[in-house]
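The lines below spell out each chain.
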Amino acid sequence: MAERETWTSRIGFIFAAVGSAVGLGNIWSFPFQTAANGGAAFLVVYLLAVFLIGFPTMMVEFVIGRRGESNPVAAFEKLGYGNWSFTGGLGVFSSLVTLSFYSVVGGWVLSYIAGSVTGGYFGDAGAYFGSVASGPVAIGAHLVFMAITIGIVASGVTDGIERATKVMIPAILVLLVGLAAWATTLEGATAGYEYYLSPDFGVIASNFGSIVPPAMGQAFFTLSLGFSVMIAYSSYLGRDDSLPADGGAIVVVNTLVALLAGFVVFPILFATGGAEGAGGGAGTAFIALAGAFGNLPAGGVIGFVFFAVLLFAALSSSISLLEVPVSYVTENYGVGRRTTALAMGAAIAVIGLPATFGTTWLDFYNDVVFNLLLPISVFLLAIFVGWVADREAIDELGRGSSIGSSFTTAWLWWVRIVVPTVVLMTLWLGLETLYE
Ligand code: PFF
Ligand code: NA
């Protein structure tokens, strides 16, 4: 069997993991979820969810991945708990489903890049969305997006994923800072910042039940947790850097990108009307933003840059979603990487087709992943590392880092009690909204 690839450097791993984390979730969902859930009130709950629950959960996946040094299914066997491999398998399944609709939205982004050049969405933003989000255009763009994703993953962990993310992540950061700087010049920017940044704690208190599930779901999704992605990526470490330090860097950069996206989106929305109508389903964000670009001077250029950033973010995430099933099949069945990437990618493209017929299916896929698969997966991971895995596996957290054993013990108890409790609560509240 061919030797396993590893990241060429610590920075290579961090770029790849940041690439996975930073995606449509940060730049597209985050500002609009915030808008839909009362602005700054949502932001506060989301930040708590990211740092208090997301970060410890990322350490859970890192421990399993680096210690298991295999694909997310075999990792559990390597650790000596083969009867838990279904947990990794659940992540593989979630990755497949998520990529199938993520790619459809990636296809929309391609169409909006084209629309920025042709001026397609300048007249009637709603009609443009209708024309690219369903039917042949949606199918074609979805297939193109999947083809690019397949191409990168087929090239390998270092030559494909690491190389692509090393270009895309710096580009995202630079362009987003530029857009945020430009947004300060807009009339109405102040109102946007205010809506975004001044939390109304009364709103949090009275809407707790409806804010927590989307904030938690968003926190896991944005950090790519519960999909076995971070298990797969940390399995290519092959080195003893500090997991908490690397994870901390990834969480911080991911959060900065989301916050920065808010600094771009809110001034734009308030410059052209306000945040009303920006919440709601998958498409409203595209319509609201494109409508705004159509009304701003040099809106086509700004739109082009914005959607280019969105494309890089989407691609650096979609490759991580494809890597999960590909690593599983190549390692467990000994099929070559190129063949596997192509076959898996084609299957995923087909699974995504229903989502090209309108946003109902897309919202359905999205709800199932957010409210069901994600919390179940994170719950199982926390129970496994918290209560099942032996101390030797737990101590993987401290290998190569200067953290003391009391940090590891505190983390362990957090993962044993707090994470599963909060996740169960989220699952419960989320199912309530799903069946409402
Ligand atoms: N974190 C990505 C985003 O915020 O868009 C999406 C994602 C990628 C989710 C990879 C899950 C995953 F495994
Ligand atoms: Na993200």
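Note: the structure precedes this text.
Note that the structure is predicted; figures quoted are calculated from it, not measured.

(A) Representation of the overall build of the protein in the model. A count of helical and extended segments in the protein gives 19 helices and zero strands. On C-alpha atoms alone, the protein measures out to a radius of gyration of 21 Å, which is about the 22 Å that the 2.2 N^0.38 rule sets for 436 residues. Dimensions along the principal axes, computed over C-alpha positions, put the protein at roughly 60 × 50 × 40 Å. Taking all 436 residues of the protein together, 55% fall into the buried category.

(B) Summary view of the site of ligand 1. The local shell around ligand 1 holds 16 residues, among which G23, G25, S224, F227 and V229 are the closest. Those elements that provide at least two residues to the shell around ligand 1 are α1 (10–21), α2 (24–36), α5 (85–118), α11 (208–222) and α15 (299–333). Within the shell around ligand 1, the residues separate by chemical class into six nonpolar, ten polar and no charged.

(C) Spatial organisation of unusual backbone geometry. The phi torsion at S224 lies on the positive side, around 60°, for a residue other than glycine. Mapped onto the elements of the fold, S224 is located in the loop between α11 and α12 (229–234). C-beta crowding within 10 Å serves as the criterion here: with 30 such atoms nearby, S224 is assigned to the buried category. You will see that S228, though not glycine, has its phi angle at about 70°, which is positive. Secondary-structure assignment places S228 in the loop between α11 and α12.

(D) Structural detail: the packing of helix α8 (residues 157–183) against helix α13 (residues 243–271). Their axes nearest at 9 Å, the elements α8 and α13 cross at an angle of 35°. As α8 runs across α13, the sense of the crossing is left-handed. From α8, I172, L176, V177, L179, A180 and A183 reach across to α13, where they touch V257, L260, A261, F263, V264, P267 and I268. Its residues assigned to classes, the contact of α8 with α13 comprises 13 nonpolar, no polar and no charged.

(E) Structural view of the environment of R10. As for its position among the elements, R10 is in helix α1. Using a count of 15 C-beta atoms within 10 Å as the deciding quantity, one classes R10 as partly exposed. Along the sequence, R10 and I150 sit 140 residues apart, while their C-alpha atoms lie 25 Å from each other.

(F) Molecular detail of the packing of α1 against α8. Two numbers describe how α1 lies on α8: the axes approach to 8 Å, and their chain directions differ by 70°. As the angle between them shows, α1 and α8 are arranged roughly perpendicular. The residues of α8 that touch α1, namely those facing G12, F15, A16, V18 and G19, are I161, E162, T165, K166, M168 and I169. Residues of the contact of α1 with α8, tallied by class, amount to six nonpolar, three polar and two charged.

(G) Quick look at helix α7 (residues 136–154). Helix length check: α7 (19 residues) gives 26 Å between terminal C-alpha atoms against 27 Å at 1.5 Å per residue, within 8%. Buried residues of α7: A138, A141, H142, F145, M146, T149, I150, I152 and V153, and no others. Taken together, the buried residues of α7 touch α5, α6 (125–132), α8, α15 and α16 (337–352). Just downstream of α7, G156 is the residue with a positive phi angle, here 110°.

(H) How the structure looks around α15. Over its 35 residues, α15 extends 50 Å from the first C-alpha to the last, a length consistent with the 51 Å expected when each residue adds 1.5 Å. Largest kink in α15: about 25°, centred on E323, with the proline P325 one to four residues after it. The buried fraction of α15 is high, at 27 of 35 residues. Of the residues flanking the end of α15, it is G334, one or two places downstream, whose phi is positive at about 65°.

(I) Looking closely at the environment of L197. Position of L197 relative to the elements: it lies in helix α9 (residues 189–197). Separated by 65 residues in sequence, L197 and G262 have C-alpha atoms that sit 9.6 Å apart.

(J) Geometry of the environment of V418. With respect to the helices and strands, V418 occurs in helix α19 (residues 405–434). With 125 residues separating them along the chain, V418 and F293 place their C-alpha atoms 44 Å apart.

Conventions we followed
Along each chain, residue indices are assigned from 1 in the same order as the chain's sequence is written. Lettering for chains starts from A, numbering for ligands starts from 1, and both go in the order in which the items are written. Whole-chain, interface and lining totals are the exception, using all residues; otherwise, since this is a predicted model, local features are given only for residues with pLDDT of at least 70 and side-chain atom pairs are given and counted only at 80 or more. What counts as a helix is a DSSP run of H or I of at least four residues, what counts as a strand is a run of E of at least two, and both are numbered from the N terminus. Throughout, radius of gyration means the C-alpha value; the globule benchmark is 2.2 Å times the number of residues raised to the power 0.38. Counts of 20 or more other C-beta atoms within 10 Å of a residue's own C-beta define buried residues, counts of 12 or fewer define exposed ones, and intermediate counts define partly exposed ones; C-beta atoms are placed from the backbone. Each residue receives a C-beta atom placed from its backbone. It is near a molecule or strand if this atom lies within 6 Å of it. All amino acids are sorted into three groups, where Ala, Val, Leu, Ile, Met, Phe, Trp, Tyr, Cys and Pro are nonpolar, Asp, Glu, Lys and Arg are charged, and the leftover types, Gly among them, are polar. Note on geometry: axes are lines fitted to C-alpha atoms, helical ones only across the stretch in contact, with angles between N-to-C directions running from 0 to 180 degrees. Here is the rule for handedness: rotate from the far helix to the near one, and if that takes an anticlockwise turn smaller than a right angle the crossing is left-handed, while a clockwise turn gives right-handed. Whether two residues are in contact depends on their C-beta atoms, placed from the backbone: they are in contact if these lie within 7 Å. Angles below 35 degrees are treated as roughly parallel, those above 145 as roughly antiparallel, those between 65 and 115 as roughly perpendicular, and all remaining angles as oblique. Here the expected length of a helix is defined as 1.5 Å per residue gap, with one fewer gap than residues. The quantity called bend is, for any residue, the angle between two axes fitted respectively to the seven residues ending at it and the seven beginning at it.

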